[in-house]
Amino acid sequence: MLTISNTDDWMNWKVNLGYTATETLLLLSWYSTYFKKKNILHLLQKIELMTTPMMKHEINACLMIVAFLYFICYPIGIIASTDRKYFDGYLHFLLYRLDIGNKVLKCICYAVKMLLHFSFMQFCNSVILLLYLTVCHYVSASLEKFKEYIANMPPEEFLKEQSGLSERYSKIIAVLQDTQQTFSLTSLLQCLGFIASSFTALSFLLLFPEAVIPSVLFENVFSLVTTSFSMFSIFYIGGRIPVKMAEVRNAFYAKCAMTSSVQFGHDIRLKFFALSKLVDLPRMVLSGCDIVYYTKQNIFSALGSFITYSLLLLQFNNQALSKA
């Protein structure tokens, strides 16, 4: 991310260290995805066989929105907010200080390089994130359908379908375990990259409020909003899974309570044995290498960290200004 300021302090080492950490973490997430490509393809094949057409349309719509955001909205916003006197600075940065005499060719090279350097990289990060969120959404949606299926079954059919229900639930658990094993490192690197990017953009906006020009303001606000939204999406969508597992367990035991042992015999509990063992499994929480756990509660922890970090930055900045 390029930032241009009217003061000499824009090269603050903390901000630039944040930019470097962000790009490094997100680049490592690409490589971790590449090394797990066989597992990802195997996992996607499982989902492809069980995904409804409506879900496929939703995935395509999300992908189109992401492409529109990074390849149309972002370049238009940058170009519209860029001051003419800073245009040469952006151009020299993107073209590695090469001087192109033709203005038309210069503008074309500027547009292409900006799309590749900024939009394409962010789009790739979003595609990896969308891939992970799609799998998480599939698992939570499958758990929701399984819960509704149990709740709507008549008691007689519920008894007869115990083996089928056990097999269906075990497939969902298997996909969930594969998801954790496949995306554990990738999701951790992405989450840390989004955190670093959010804090870096926030630091720049708080430390240099008087030196921010419109294009840099748009760039940092855009980065702060998109990366924060991406980070919260991981916690929210990933955090739905343990909640849905608890709902499946409650629906199962509610249906068991409705099935009278007097009507169906005293050995009715034996028929529930296999499925009850599955629904009584501890709720699985997706995590990044068992370091960051994706739960809805951690959304508030992240918000608290943002507020605390902002207040500390403002306090240290005010102390530095008072000493100066």
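Given the structure is predicted, the values throughout are model-derived calculations rather than measurements. (Residues numbered from 1 in each chain as written. Predicted model: local features only at pLDDT ≥ 70, side-chain atom pairs only at ≥ 80, totals over all residues. Heavy atoms only, no water.)

A. Structural context of the overall build of the chain. Within the chain, the regular secondary structure consists of 12 helices and 2 strands. Start at the N end of the chain and walk to the C end: the helices and strands fall as α-α-α-α-α-α-α-α-α-α-α-β-β-α. Taking all 324 residues of the chain together, the buried fraction comes to 45%. Within the chain, contacts between residues separated by at least 24 positions form 83% of all contacts whose residues are at least 6 apart in sequence. Surface summary for the chain: the accessible area is close to 17,700 Å², and the carbon and sulfur share equals 67%. (Helix = DSSP H or I, 4+ residues; strand = E, 2+ residues; numbered from the N terminus. Buried < 20%, exposed > 50% of the residue type's maximum accessible area, 1.4 Å probe, protein only. Contact = heavy atoms within 4.5 Å. Areas by Shrake-Rupley, 256 points an atom, 1.4 Å probe, with all protein chains shown as cover.)

B. Molecular detail of the pattern of salt bridges. Across all of its chains, the model carries 5 salt bridges by this definition. With a shortest N-O distance of 4.0 Å, E167 and K171 are connected by a salt bridge. You can see E167 and its partner K171 sitting in helix α7 (residues 162-207), 4 residues apart, about one turn around the helix. For K171, a relative accessible area of 46% gives the class partly exposed. A salt bridge links K244 to E247, with the shortest nitrogen-to-oxygen separation between them at 3.7 Å. (Salt bridge = Lys/Arg side-chain N within 4 Å of Asp/Glu carboxyl O.)

C. View of the packing of α7 against helix α8 (residues 214-258). Their axes nearest at 9 Å, the elements α7 and α8 cross at an angle of 155°. Of the possible angle classes, the one that applies to α7 and α8 is roughly antiparallel. Once α7 is placed against α8, the crossing between them reads as left-handed. Among the residues making up the contact of α7 with α8, the classes are represented as 21 nonpolar, 8 polar and no charged. (Axes fitted to C-alpha atoms, helices over the stretch in contact; angles between N-to-C directions. Parallel < 35°, antiparallel > 145°, perpendicular 65-115°, else oblique. Left-handed = near helix turned anticlockwise from the far one by under 90°. Nonpolar A, V, L, I, M, F, W, Y, C, P; charged D, E, K, R; others polar.)

D. Seen up close, the environment of F183. Tracing the sequence through the fold places F183 in helix α7. For the pair formed by F183 and C289, sequence separation is 106 residues and the distance between their alpha carbons is 9.0 Å.

E. Here's a closer look at the nonpolar core. If you look at the biggest cluster of nonpolar residues, it comprises 46 residues, and the most contacted ones within it are Y132, V139, L143, Y169, I234, I241 and Y294. Going through the elements one at a time, α2 (37-50), α5 (103-152), α7, α8 and α12 (297-323) are the ones with two or more residues in this core. Examining the composition of this core, we find that 14 residues originate from one element, α7, more than from any other. Ignoring anything within four residues of it in the chain, the contact list for Y132 reads T179, F183, S187, I234, L286 and Y294. (Core = buried A, V, L, I, M, F, W, Y, C linked by side-chain atoms within 4.5 Å.)

F. Focus on a nonpolar patch on the surface. Taken together, the side chains of F68, F71, I72, I76 and F120 make up a nonpolar region of the molecular surface, amounting to roughly 460 Å² of accessible area. Tallying contributions element by element places helix α3 (residues 53-81) first for the nonpolar patch, with 4 residues. The residue I76 is located in helix α3 in this model. (Patch = residues over 30% accessible without salt bridge, like charges linked within 9 Å, V, L, I, M, F, W, Y side chains within 5 Å.)

G. Quick look at the UniProt feature "transmembrane region" (unreviewed entry) in the chain. The sites that UniProt annotates as "transmembrane region" (unreviewed entry) are residues 17-35, 59-80, 120-139, 188-208 and 220-239. The span residues 120-139 carries 100% helix and 0% strand; its end-to-end C-alpha distance comes to 29 Å. Overall, residues 220-239 shows 100% helix and 0% strand. The separation of its end C-alpha atoms is 28 Å. (UniProt positions renumbered as here; feature names shortened; annotations may be inferred.)

H. Geometry of the environment of F120. Tracing the sequence through the fold places F120 in helix α5. By relative accessible area, F120 is classed as partly exposed at 40%. Distance in space between the C-alpha atoms of F120 and A67 is 9.1 Å, their sequence separation being 53 residues. With residues up to four places along the chain from it excluded, the contact list for F120 reads F71 and L115.

I. Geometry of the confidence of the model for the chain. When pLDDT is averaged across the chain, the result is 76; 74% of the residues are at 70 or more. Mean pLDDT in the chain bottoms out at helix α9 (residues 261-264), which sits at 50, and peaks at strand β2 (residues 292-293), which reaches 89. Note that pLDDT drops below 50 for residues 1-11; the model gives that stretch 31 contacts with residues more than four away or on any other chain. (pLDDT = per-residue confidence, 0-100.)

J. Fine view of the packing of aromatic side chains. Overall, the coordinates contain 10 aromatic pairs when judged by the stated rule. Note on Y34 and F35: the rings are 5.6 Å apart at their centroids and 65° apart in plane angle, and the pair reads as edge-to-face. For F35, a relative accessible area of 67% puts it in the exposed group. When the centroid spacing of 5.3 Å and the interplanar angle of 55° are considered together, the rings of Y132 and F183 count as tilted. With Y132 in helix α5 and F183 in helix α7, this residue pair connects regions lying 51 residues apart in the sequence. Accessibility expressed as a relative area gives 2% for F183, which makes it buried. Among the aromatic side chains, those forming a connected cluster through ring pairs are Y70, Y74, F218 and F222. Geometry around Y34 places K37 over its ring, the cationic atom sitting 4.1 Å from the centre. Looking at R168, its charged tip hangs above the ring of Y149, at a distance of 5.0 Å from the centre. (Phe/Tyr/Trp six-rings, centres within 6.5 Å; stacked < 30°, edge-to-face > 60°. Lys NZ or Arg CZ within 6 Å of the ring centre and 35° of its normal.)

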